Amino acid sequence: MRHEAGLTEVSVGDCFLFGPGETHQILNQGNEELMYYVIADNPFGTSCYYPDSQKWMVGQPSERTILKGEHTEYYDGEE
């Protein structure tokens, strides 16, 4: 799990809690499939910031718009 404090190795049964606006990323660097459950409350108007590519995502009920000075693909710079 990548988060503001760095990286934490995930094991069976681990639980992470991130509040609104807290950046995080799930990474699977192993050879086995990673299964995880997400419980979230994403109200209308949700947004998040992608620090690697310096993009914002603004969520709407049926679509997402990436705001940046030029058109980019959704995963541009997120590898």
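What counts, and at which threshold
- Residues numbered from 1 in each chain as written.
- Predicted model: local features only at pLDDT ≥ 70, side-chain atom pairs only at ≥ 80, totals over all residues.
- Heavy atoms only, no water.
- Pairing = 2+ DSSP bridges.
- Helix = DSSP H or I, 4+ residues; strand = E, 2+ residues; numbered from the N terminus.
- Buried < 20%, exposed > 50% of the residue type's maximum accessible area, 1.4 Å probe, protein only.
- Contact = heavy atoms within 4.5 Å.

Q: Which parts of the structure should I look at to understand the sheet that holds strand S3 (residues 24-25)?
A: Either a parallel or an antiparallel arrangement is found when strands of a sheet pair, and the pairing is made through backbone hydrogen bonds. Ordered in space as S2-S1-S3, the three strands form an open sheet in which the pairing is antiparallel. Each edge of the sheet is formed by a strand with only one pairing partner; in this case those strands are strand S2 (6-7) and S3.

Q: Please clarify how unusual backbone geometry should be interpreted in this entry.
A: What is expected of a backbone is that most residues other than glycine have negative phi and most peptide bonds are trans. With a phi close to 55°, Gln54 is a non-glycine residue in the positive phi region. Within the secondary structure, Gln54 is located in the loop between strand S4 (47-50) and strand S5 (55-59). Here Gln54 falls in the exposed class, since its relative accessible area comes to 59%.

Q: Quick question: what am I supposed to make of the environment of Leu27 here?
A: Within the secondary structure, Leu27 sits in the loop between S3 and S4. Taking relative accessible area as the criterion, Leu27 reaches 31% and is therefore assigned partly exposed. Separated by 26 residues in the primary sequence, Leu27 and Met1 place their C-alpha atoms 5.9 Å from one another. The residues touching Leu27, leaving out its near neighbours within four places in the chain, are Arg2, Leu7 and Leu34.

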